[in-house]
Every structure is written in C-alpha cells, then in structure tokens.
Amino acid sequence: MGKDLTKNKKAFHDYTIIESFEAGIVLQGSEVKALRAGRANLKDSFVRIIRGELFLLNAHISHLQTAHSHFRPDERAPRKLLMHRKQIDKLLGKVSTDGLTIVVLSLYLNNKNIVKANIALAKGKNLHDKREALKEKQANLEARAALKRYI
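Residues numbered from 1 in each chain as written. Predicted model: local features only at pLDDT ≥ 70, side-chain atom pairs only at ≥ 80, totals over all residues. Heavy atoms only, no water.

Which entries qualify depends on this criterion: UniProt positions are given in the numbering used here, feature names are shortened, and annotations may be inferred rather than shown by experiment.
In the annotation of an unreviewed UniProt entry, the entry for the protein reads SsrA-binding protein, and the organism field reads Campylobacter porcelli. Under the heading Sequence similarities (unreviewed entry), UniProt records this for the protein: "Belongs to the SmpB family."

What follows is the structure, encoded as structure tokens:
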C-alpha cells in the first residue's frame, strides 16, 4: 500500500473486520485532485452489489474551488468499484448467506499513483462489544503510559 488519502476510522469501531480486499475506483479528474487535497469523508459510506457490480455509496468527496463550476460532480454520487468477477461473486455469496456487510476502510494511492479502495467484509458489533473494545483500548493506553514513565 502507498499513501493513505482518507481512512474510515468508524468502520473499525462499528464492525469486526473479517477479510479485506483491494478495489479500483472510478473517479473524475477533479475528484482525484480533491482526494489528494484530503477533501474526502468515508464516515457513513458502505458498499452495495447492484446488478453484479460494486458501488461505493454515501462517500463524500468535496469539490475543489479551482474546479470549473460546470464540471463539478455530485459530492455524494455513487462511485463504481472495480474488481474481478470471481471476487465480486465471492463477496456476494458471503454477504447473502452469512449476513455480512462490505465497508470501505480507506482510499489510498498505490505505488503507481492510482487511487485504490481498501474494502472489507465485516460483521457488525453489538453495543457491549464496542464497549469492550473501548475498555481494552483505554487499558492498553494506560499500560503504555505506565511503561513510558518507568523506563
């Protein structure tokens, strides 16, 4: 993986990540520039399989002020994700039978400077699971702080 453009931190809190995949994403030119400028939000985004194709829904990529007003794309438009047919079929099988969801973890530039999406099969956490994760995280932070003081 190359340079991270944006991350979906909420996905790690709300879901248990089972398996992650890399997917290409169809963007327009000004959207790529906006991503490089850090003007994207994946907070409430999710992936749906519609007619055998993957689509990223509810992701917000702001337009740049320098982009021409006539060519400004919709900020919350559905964006097509590119994967091999076998991978899409595998995801469809897991989602339909196991009750899993597909979430976007991050958008990043690969080593060829192409924007890629890191998507994952995920299972939703219950409220008590989220609380346990927060307690564990807090305990780890306190342990690290204590170690730092005594070293």
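What follows picks up the thread again.
Section: the overall build of the protein
As a reminder, the rule being used: By the criteria applied, helices consist of DSSP H or I runs no shorter than four residues and strands consist of E runs no shorter than two, each listed in order from the N terminus. A simple rule labels every residue: compare its accessible area, found with a 1.4 Å probe on the protein chains alone, to the largest value its type can have, and call it buried under 20%, exposed over 50%, or partly exposed in between. Contacts: residue pairs with any heavy atoms within 4.5 Å of one another. Here the Shrake-Rupley method, with its probe set to 1.4 Å, supplies the accessible areas, and only the displayed protein chains count as covering residues.
When helices and strands are tallied, the protein shows four helices and nine strands. Taken from N to C terminus, the helices and strands of the protein fall in the order β-α-β-α-β-β-β-β-β-α-β-β-α. Overall size of the protein, expressed as C-alpha extent along the three principal axes, is 60 × 40 × 30 Å. Burial status across the protein gives 34% buried among its 151 residues. Contacts spanning at least 24 positions in sequence make up 68% of the contacts within the protein whose residues lie at least 6 apart. Just so you have it, the protein exposes about 9,900 Å², and 51% of that area is on carbon and sulfur atoms.

A short note on the environment of asparagine 8
Going by this rule: Polar contact is defined as a pair of N or O atoms within 3.5 Å, subject to the rule that within protein one atom must be able to donate a hydrogen and the other to accept it, and that residues adjacent in sequence are counted only when both atoms are side-chain atoms.
With respect to the secondary-structure elements, asparagine 8 resides in the loop between strand S1 (3–7) and helix H1 (9–14). Separated by 136 residues in the primary sequence, asparagine 8 and arginine 144 place their C-alpha atoms 25 Å from one another. What asparagine 8 contacts, discounting residues up to four positions off in sequence, is Leu42, Lys43, Ser45, Val104 and Leu105. Within the local environment of asparagine 8, its side chain forms a polar contact with the backbone oxygen of leucine 42, the two atoms lying 3.1 Å apart.

Overview of the pattern of salt bridges
Threshold: Salt bridge, as applied in this entry: a Lys or Arg side-chain nitrogen positioned within 4 Å of an Asp or Glu carboxyl oxygen.
The full count for this structure, using the stated rule, is four salt bridges. Put simply, lysine 10 and aspartate 44 hold a salt bridge, and the shortest N to O gap is 3.7 Å. Of this pair, lysine 10 sits in helix H1 while aspartate 44 sits in the loop between strand S3 (40–41) and strand S4 (46–50); the two residues are 34 residues apart in sequence, bridging distant segments of the chain. The class for aspartate 44 is partly exposed, based on a relative accessible area of 45%. Note that glutamate 53 and lysine 80 form a salt bridge whose closest N and O atoms lie 3.1 Å from each other. Taken as a pair, glutamate 53 in strand S5 (residues 53–57) and lysine 80 in strand S7 (residues 79–82) lie far apart in primary sequence, 27 residues in all. For glutamate 53, a relative accessible area of 30% gives the class partly exposed.

A look at the pairing of S5
Where we set the bar: Note on pairing: DSSP must find at least two bridges between two strands before they are called paired.
Burial within S5 is extensive, with four of its five residues counted as buried. Strand direction decides the pairing type here: S4 and S5, joined by five bridges, are antiparallel. For phenylalanine 46, the partnering residue across the bridge sits in S5 and is leucine 57. Connecting the antiparallel pair S4 and S5 is a turn made up of two residues, with arginine 51 showing a positive phi of about 50°. Across three bridges, the pairing between S5 and S7 is antiparallel. Note on S7: the bridge partner recorded for phenylalanine 55 is lysine 80.

Looking at the nonpolar core
How we decide: Nonpolar cores were defined as sets of buried Ala, Val, Leu, Ile, Met, Phe, Trp, Tyr and Cys residues, with membership established by side-chain atoms within 4.5 Å.
In this structure, Leu35, Val47, Leu54, Leu81, Met83, Leu91 and Ile119 are the most contacted members of the largest nonpolar core, which totals 28 residues. Listed by contribution, the elements that provide at least two residues to this core are strand S2 (15–25), helix H2 (29–36), S5, helix H3 (85–98), strand S8 (101–109) and strand S9 (115–124). Excluding anything up to four places from it in sequence, leucine 54 contacts Val47, Arg48, Ile49, Arg79, Lys80, Leu81, Met83, Ile88, Leu91, Ile102 and Ile119.

Remarks on the side chain of threonine 6
The topology assignment puts threonine 6 in strand S1. Residues in contact with threonine 6, not counting those within four places in the same chain, are Ala40, Leu42, Ser106 and Leu107.

Here's the deal with H3
Threshold: How far a helix is expected to stretch is found by multiplying one less than its residue total by 1.5 Å.
Here H3 is 14 residues long and its end C-alpha atoms lie 20 Å apart, about the 20 Å a rise of 1.5 Å per residue gives. Note on H3: the residue one or two positions beyond its end, glycine 99, has a positive phi of about 70°.

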